[in-house]
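Commentary on secondary and tertiary structure
Given next are the chains, with one letter for each unit.
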Amino acid sequence: MTRISAFGPGRVNLIGEHTDYNGGLSLPFSIEDGVMVTATAIAGDRIEAIAYDIDDGAQDAFPMAHPPRDGDDGWRAFVRGVVAELTAAGHTLVPARLEIAGTLAQGSGLSSSAALEVALALALLGLAGETEPDRLALARLCSKVENDWVGAQTGLLDQTASLLGSDGNALRIDFATMATTSVRLDLGEWRLATVDSGETHSLAASGYNQRRSECDEAAWRLDVHRLSDATAEQVATLPDLLRRRAEHVLSENARVDEMVAALRARDPEEVGRLLDASHASLRDCYDASTKAVERTVRRCLDAGAVGARMVGGGFGGHVLALFPPEMRLPKGAYEVAPSPGASLVEE
Ligand code: GLA
């Protein structure tokens, strides 16, 4: 193999936010937009990379055996991290030129980071002849890149959704066991749409890492391995701030299975109610909303959405809303539907 392309889709999380790193439940789906990486074998011992859309054709080059760690937390850190972690995990890579092109805005809450990591990993492995890697192992590896090379203490939601998502389905993920189940997402003429709040976030710099350490502290105080293992009675004993964080996690886990039931019953009104309830919890218990996100949620509801909520890490990014049939979508709204997960692309 001398040249191969791989596509990593972004994801929309229907529900189950800030539950992944707490051993809870989520229900994301992979979307049509994402990142494409074309890898071409080159002579020598280096990896070369060029980022078209995401950085105007900026480049990087480094020795394959020693990807540099110089504190960069932009796209270069992802490339270097994926190369380093694949090698550390025992994969034999080949020197390559990587062309990166994407249709996902960075920091938008639609998982541009996971789309990039996943496309890079699949392309690098594909070029080396590994065309069917273990996808769960790869999700963990990509998440490690984010934690150790980019500095965002994110969980496994985005990478799992990108790698295991499938056309027409949402993916119920139980992060305690990493068991996944496909759930048909078909609401007839009702449409899910995302609207950009206009505020971008860097997970590494937002309140994300702080929320994660608050949850760790809550779990530690309650002496449970994962916060999702705590009972409502235990959570009630926590000091106010930690109690609110934990209440969000427990109630959000419950909403994931209520959402699965609503999808199976094809009940869009109930889907809308759950989106609203998730948003209220993220805003009031998790303090993950911003003025721009609130304005965007309001705009969706005023335009007739039956429910709207922030998606992803919060602190900016996109809002997801459900609109009844034939209702005009508000300006800037972009319809989303479950699309195929990550794959190698025939040239
Ligand atoms: C980001 C992280 C995920 C997850 C969500 C919140 O997208 O990358 O791991 O924690 O935020 O649900």
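Owing to the predicted nature of the structure, the values given are computational and were not obtained by experimental measurement.

**Some remarks on the domain arrangement of the protein chain**
- The domain boundaries assigned to the protein chain delineate domain 1 (3–182 + 339–346) and domain 2 (185–336).
- Taken over C-alpha atoms, the centre of domain 1 sits 24 Å from the centre of domain 2.
- Carbon and sulfur atoms make up 61% of the area that domain 1 and domain 2 hide from each other, which totals about 3200 Å².
- When the area that domain 1 buries against domain 2 is broken down by residue, the three leading residues are Leu14, Ile15 and His18, summing to 21%.
- Joining domain 1 to domain 2, the criterion identifies two salt bridges.
- With a closest N to O distance of 2.8 Å, Arg172 and Asp257 form a salt bridge.
- The interface formed by domain 1 and domain 2 holds 20 residue pairs in polar contact (both at pLDDT 80 or more) in total.
- Tallied by class, the residues present in the side of domain 1 that touches domain 2 amount to 13 nonpolar, 18 polar and six charged.

**A look at the pairing of strand β9 (residues 191–196)**
- Bridging between β9 and strand β11 (residues 318–323) involves six bridges; their strand directions are antiparallel. Its bridge partner lying in β11, Asp196 is registered against His318.
- Bridge analysis of β9 against strand β12 (residues 334–336) gives three bridges, and the strand direction is antiparallel. Along β12, the bridge assignment pairs Ala193 with Glu335.

Rules and cut-offs
- Residues numbered from 1 in each chain as written.
- Predicted model: local features only at pLDDT ≥ 70, side-chain atom pairs only at ≥ 80, totals over all residues.
- Heavy atoms only, no water.
- Domains from an automatic or database assignment.
- Buried area = accessible area lost by both parts, 1.4 Å probe.
- Salt bridge = Lys/Arg side-chain N within 4 Å of Asp/Glu carboxyl O.
- Polar contact = N/O pair within 3.5 Å; in protein donor to acceptor, adjacent residues only side chain to side chain.
- Nonpolar A, V, L, I, M, F, W, Y, C, P; charged D, E, K, R; others polar.
- Pairing = 2+ DSSP bridges.
- Helix = DSSP H or I, 4+ residues; strand = E, 2+ residues; numbered from the N terminus.

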